[in-house]
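# Coordinates in review
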Number of protein chains: 2
Amino acid sequence: MKQISANKAFDGTQYVYSHASEACQCDMTFAIFMPPQAQTRKVPVLWYLSGLTCTHQNVMDKGEYRQIAAELGVAIVCPDTSPRGETVPDEPESWQFGKGAGFYLDATQEPFARNYNMQRYIIDELPALLKASDLALDFDRQSIFGHSMGGHGAITLALKNPERFASVSAFAPIAQPSTADWSRPALEKYLGPDQSAWRAYDATLLIEDGFKVKEMLVDQGTADSFLETGLRPQLLASACEKAGIPLTLNMRKGYDHSYFFISSFMAAHVRWHAARLG
Amino acid sequence: MKQISANKAFDGTQYVYSHASEACQCDMTFAIFMPPQAQTRKVPVLWYLSGLTCTHQNVMDKGEYRQIAAELGVAIVCPDTSPRGETVPDEPESWQFGKGAGFYLDATQEPFARNYNMQRYIIDELPALLKASDLALDFDRQSIFGHSMGGHGAITLALKNPERFASVSAFAPIAQPSTADWSRPALEKYLGPDQSAWRAYDATLLIEDGFKVKEMLVDQGTADSFLETGLRPQLLASACEKAGIPLTLNMRKGYDHSYFFISSFMAAHVRWHAARLG
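Below is a summary of the structure that appears in this document. This one's a predicted model, so the numbers in the text were calculated from it and none came from an experiment.

## Section: the interface of chain A and chain B
- Each partner contributes residues to the interface: chain A has 21 residues there, and chain B has 21 residues.
- Taking both sides of the interface into account, the surface hidden between chain A and chain B amounts to around 2000 Å²; carbon and sulfur atoms contribute 49%.
- Contact with chain B buries area across many residues of chain A, yet Lys8, Glu64 and Phe260 of chain A alone supply 36% of it, more than any other trio.
- Counting across the interface, chain A meets chain B through two salt bridges.

Next comes the structure, spelled out in structure tokens:
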């Protein structure tokens, strides 16, 4: 891990690190905020997965998570959304595929399988790297949340790793990526035409297939321009209801898809996770 | 005023507007956050002046002022730091002069005098524009603060307009721009070689010349790389002491010059102003 920056904030420290990634076969960058409590004890780890087009930086700049994380003593890790670099295959004209659009899956199709392994990166490689670091993190207490594509990532990773994550929440998650216009082509290019392979990366279909979490928190703006075609929280609500998963779905009147929305409810989400992280 | 964007945040609205400016002879852009209380009554106006290289957007993205402004019912106006556009004279290779570096003064020297009139813009033109708008603002209750060059701007404008601003504060202000390496050349180019003309734009010299405010709040990071050469809060402290102006100068251990520092103490400053705005 190479330290890119370290800035004191709210009595804690906002770090940015880069490192060579085996899962993504490129250098990866991530942000981690260490709250002041980490100076004297190990703190729980809250993973934040970002949405399409984002890097680690968007939520670090605009997410307004440091005040509440410092108050509650939670570390917040913000990974990038895809592999990066000149050698990574991409479709530069598309913001819904390739760089900035890794969809938190492990690609099986060429030429993407070599680099686009964000599930393995988030679940295996980055935790191992952080465990081996000097950062005072308690990996027995982890939770996960995210926004849009990152909300999809948080929910699918929590469903597949219920023993790992004490809680999961999302801002405006993509509820059913396998049938939404902006995500379906990406799943096909990363995973191939056999749609049975897509189910492992679709929150509603994972729930249909019996994957469970104890409960779920979702905030969704009613003025979100992606609400009806891309996000469709009603599909998640329906799947959760059938599966008996308690879902708190807050429809927030007048809020859009931006960080103005995310930051408005960030403190409530971090507080929700902290209560479950103990 | 042309509305560029409007995003709901913390139950209020973050607006961005542009307009043709007479003072700056160009189109200018500014941000204004209207708290939820403005839906039912006029709210006080807190001006935030940004530092070198910034536009209206940096503090809007990274300043973390909306939560506390919404809680306390204060509107926050964030103007740009200079005139903009192709026709505005500039020194593109310098970040300490020209665009992004208006220093909140009225230039007298050619070719800058036509556009670089940020004092007049902030004190006369933008308030008149906002007063004529539909925004529920109470111009009988105004305060001002800012960062670095904008801290210099806030303090000098408050000293020269004590009847206008109920309170003034600053994050890492340039205390004595007329003798600091990064600001002295700008004052000379905007105002000419006669240094007596610079005194009206220098906080410490204005105080020496008898300008007063009731009190002042300043936060300054001890790890700020500009502390010793560019900022020098001890000069402000000395001037305030001699003039009998109560200055609360908080030296914040380990904090730098960035928005990580500003955002950490934003709530305290907004709270301080709100208490004085009534």
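## Observations regarding the pairing of strand β8 (residues 216-221) of chain B
Residue and element names in this part refer to chain B.
- With six of six residues buried, β8 lies mostly within the body of the structure.
- Taking every second residue as pointing to the same face, both faces of β8 are buried, with Met216, Val218 and Gln220 on one and Leu217, Asp219 and Gly221 on the other.
- As paired elements, strand β7 (residues 165-171) and β8 share three bridges and run parallel to each other. Paired with Phe171 across the bridge in β8 is Asp219.
- Note that β8 and strand β9 (residues 247-252) share six bridges and pair parallel. Bridge pairing in β9 links Val218 to Leu249.

## Here's the deal with the relation of the copies chain A and chain B
- Each copy of the sequence occupies a distinct position, and chain A is placed on chain B by a rotation of 180° and an axial shift of 0.0 Å, giving an RMSD of 0.0 Å. The operation mapping one copy onto its partner corresponds to a two-fold rotation axis. Rotation axis and chain A: the residue whose C-alpha lies nearest the axis is Lys62 of chain A, separated from it by 2.8 Å.

## A closer look at the sheet that holds β7 of chain B
- With respect to topology, nine strands assemble into an open sheet ordered β1-β2-β3-β5-β4-β6-β7-β8-β9 (chain B), the strand pairing being mixed. The sheet is open, and its two edges are formed by β1 (2-9) and β9 of chain B, each paired on a single side. The mean inter-strand angle of the sheet, taken between neighbouring strand axes irrespective of direction, is 20°.
- In this sheet, β7 of chain B lies alongside strand β6 (residues 137-147) of chain B in parallel orientation, the contact comprising five bridges. Paired with Gln142 of chain B across the strands is Phe165 of chain B, a residue of β7 of chain B.
- Sitting on the sheet, helix α9 (residues 259-277) of chain A is in contact with β1 and β2 (12-21) of chain B, with an inclination near 25° to β1 of chain B.

Calculation rules
- Residues numbered from 1 in each chain as written.
- Chains lettered and ligands numbered in written order.
- Predicted model: local features only at pLDDT ≥ 70, side-chain atom pairs only at ≥ 80, totals over all residues.
- Heavy atoms only, no water.
- Contact = heavy atoms within 4.5 Å.
- Buried area = accessible area lost by both parts, 1.4 Å probe.
- Salt bridge = Lys/Arg side-chain N within 4 Å of Asp/Glu carboxyl O.
- Buried < 20%, exposed > 50% of the residue type's maximum accessible area, 1.4 Å probe, protein only.
- Helix = DSSP H or I, 4+ residues; strand = E, 2+ residues; numbered from the N terminus.
- Pairing = 2+ DSSP bridges.
- Least-squares fit on C-alpha atoms with pLDDT ≥ 70 in both.
- Axes fitted to C-alpha atoms, helices over the stretch in contact; angles between N-to-C directions.

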